[in-house]
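Take a look at the letters that make up each chain.
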Amino acid sequence: MSKQYINVNGVNLHYISKGQGELMLFLHGFPDFSHIWRHQIDEFSNDFHTVALDLRGYNLSEKPSGLESYEIDVLVEDIRQVIEGLGYSSCTLVVHDWGAGIGWTFAYRYPEYVQKLIAFNGPHPYTFMRELRTNKNQQKASEYMKWFQKQEAQDYMERDNFSGLRKLVIDPGVKKGYLTADDVQAYMNSWENGSVLSMLSYYRNLKIFTEEELQRKSLFPLEEEVLNIPVQIIWGNQDPTFMPENLDGIEEYVPNISVYRLAEASHAPQHEKPQEVNDVMWNFLNK
C-alpha cells in the first residue's frame, strides 16, 4: 500500500492506494480518514486500483482556511479532478457519511464518472431532508450538527488529547473489538495533524435548521430527480446518527438500487463487519 499526493482544485490531497485495474475510489466521513477503508483496500486491490482519499481538511491532506473552501461544489469538484488526475474517466465510487453526501451529489452531477455507487450510512439528499422535516427521531439525532457549528464543539473535541473524538470513535471500536492498538494510534495521528477546525467546516456550511431551509427538497442542490446508475446501500441499523427510515422510498429516486442492512452494525459497517461488507460488495460488483 502506497501513500501519495495529488494536486487538484488548488489543494494537495493525500491518498493511499493499492492494486491495478479499474479505479475504485473511497470517500470517508467525519471524523475518519482513509484508514477506515483498510479492509476494503486489502480485499479489492487484486482486481481494482483501490484509492482511499483523505478529503480536504483531513489527516495529511491540505487544510485551506475559510468556509468557502468546504462548500459542496468545491468538494464535488475535488472528486472530479481526482478521477481525471489519476488517469481515469470513471470509477466505482465507495462512500460513507460526509463522503456519501459528496458522493451522492457527485453521482447526480456527473453520472458518466460513476460506473457503480456503494454507499455506507450516508442518506440520500432527498430522503434525509424529508426525514429531517417529519421524523422526530431524526431531528433529535441531527442536533449534533447544530452544535458542530459552534466554537465550543471544536474546543470539546480538541481538549484533553482529543477526548471528545476518542469517545466518539475510538472507545466504541476498542470496546467492540474492531479497532486495534495500531488503528487507535492511526486515528490519534490523523487528529494531531491539526484538522479539527477544517473537519468541522463541512458542518458549518450546512444551512438546514430554519423552517425555510427545512422546506428544501434536497440537502445539497441536485438538478435531477432520478439517479439511474446501479447503487448498493450497506446500512448499519444501529446507527445513532441516521435513522433507518432514510431508506424508505429511496427507490423513487434511485430505481436501480440494492439495500443490505446489518442488524448489529452501527454507523461504520466497513470496519465493524468487514467480511460481511466485502461479501455484499462483491455480490453487487459481480452483477
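Residues numbered from 1 in each chain as written. Predicted model: local features only at pLDDT ≥ 70, side-chain atom pairs only at ≥ 80, totals over all residues. Heavy atoms only, no water.

The protein is annotated in an unreviewed UniProt entry as Hydrolase, alpha/beta fold family of Priestia megaterium.

(A) How the structure looks around the overall build of the protein. Each helix and strand counted, the protein has twelve helices and eight strands in total. Against the 2.2 N^0.38 benchmark of 19 Å for 287 residues, the protein shows a C-alpha radius of gyration of 18 Å, consistent with a compact globule. Summarising its shape, the C-alpha atoms of the protein cover approximately 45 × 40 × 40 Å along the three principal directions. Counting all 287 residues of the protein, 59% fall into the buried class. (Helix = DSSP H or I, 4+ residues; strand = E, 2+ residues; numbered from the N terminus. Rg over C-alpha atoms; globule rule 2.2 N^0.38 Å. Buried < 20%, exposed > 50% of the residue type's maximum accessible area, 1.4 Å probe, protein only.)

(B) Representation of the sheet that holds strand β8 (residues 257–262) within the structure. Read across the sheet, eight strands follow the order β1-β2-β4-β3-β5-β6-β7-β8 without closing on themselves; strand pairing throughout is mixed. With partners counted over all chains shown, the strands left at the sheet margins are β1 (2–8) and β8, one partner each. When strand polarity is set aside, the average angle formed by the axes of neighbouring strands in this sheet is 20°. Pairing geometry for strand β5 (residues 91–96) and strand β6 (residues 114–120), over six bridges, is parallel. Within β6, the position partnered with V95 by the bridge is A119. In this fold helix α12 (residues 274–285) packs onto β3 (22–27), β4 (48–53), β5, β6, β7 (231–236) and β8, with an angle of close to 155° to the strand it touches most, β6. (Pairing = 2+ DSSP bridges. Axes fitted to C-alpha atoms, helices over the stretch in contact; angles between N-to-C directions. Contact = heavy atoms within 4.5 Å.)

(C) Structural detail: the layout of surface pockets. Counted as a void, the largest pocket has a volume near 600 Å³. Along its surface, the largest pocket is lined by 29 residues, and P31, L168, V169, T241 and H267 are the ones closest to its centre. Mapped by element, the contributors of at least two residues to the lining of the largest pocket are α6 (143–148), α7 (151–176) and α11 (269–272). The residue inventory of the lining of the largest pocket, partitioned by class, reads 17 nonpolar, seven polar and five charged. Taken as a whole, the second largest pocket spans an internal volume of roughly 250 Å³. (1 Å grid on protein atoms, 1.4 Å probe; cavity = no way out; pocket = protein on both sides within 12 Å on 5 of 7 lines; lining within 4 Å. Points joined across faces, edges and corners; volume = space filled by probe spheres on them. Nonpolar A, V, L, I, M, F, W, Y, C, P; charged D, E, K, R; others polar.)

(D) View of the environment of V94. Here V94 is to be found in strand β5. With a relative accessible area of 0%, V94 lands in the buried category. A sequence separation of 139 residues divides V94 from I233, and the C-alpha atoms of the two residues are 10.0 Å apart. Apart from the residues within four sequence positions on either side, V94 is in contact with M24, L25, F26, L27, W37, I118, F120 and M281.

(E) Just the UniProt feature "domain: AB hydrolase-1" (unreviewed entry) in the protein, in detail. Those residues carrying the UniProt feature "domain: AB hydrolase-1" (unreviewed entry) are residues 23–274 in this numbering. Across residues 23–274 one finds 44% helix and 14% strand; the C-alpha atoms that close the span lie 20 Å apart. (UniProt positions renumbered as here; feature names shortened; annotations may be inferred.)

(F) Region of interest: the environment of E131. Its location among the elements puts E131 in helix α4 (residues 125–134). The exposure class of E131 is buried, given its relative accessible area of 7%. C-alpha of E131 to C-alpha of H271: the two residues are 140 residues apart in sequence and 27 Å apart in space. If we ignore the near neighbours within four places in the chain, the residues touching E131 are Q138, E245 and N246.

(G) Up close: a negative patch on the surface. A contiguous patch of negative charge, built from E245, D248, E251 and E252, is present on the exposed surface. Position of E245 among the secondary structure elements: in the loop between β7 and β8. (Patch = residues over 30% accessible without salt bridge, like charges linked within 9 Å, V, L, I, M, F, W, Y side chains within 5 Å. Areas by Shrake-Rupley, 256 points an atom, 1.4 Å probe, with all protein chains shown as cover. Salt bridge = Lys/Arg side-chain N within 4 Å of Asp/Glu carboxyl O. Lys, Arg positive; Asp, Glu negative; His and termini not counted. Charge placed at Lys NZ, Arg CZ, Asp CG, Glu CD.)

(H) Spotlight on the packing of α7 against helix α9 (residues 196–204). One can describe the packing of α7 onto α9 by two numbers: an axis separation of 10 Å at closest approach and a directional angle of 140°. Relative to α9, the element α7 is oriented oblique. You can see that α7 and α9 cross each other, and the crossing is right-handed. Contact residues: α7 offers Q151, A153, Q154, M157, E158, F162 and L165, while α9 offers V196, L197, M199, L200 and R204. Among the residues forming the contact of α7 with α9, the class breakdown is eight nonpolar, two polar and two charged. (Parallel < 35°, antiparallel > 145°, perpendicular 65-115°, else oblique. Left-handed = near helix turned anticlockwise from the far one by under 90°.)

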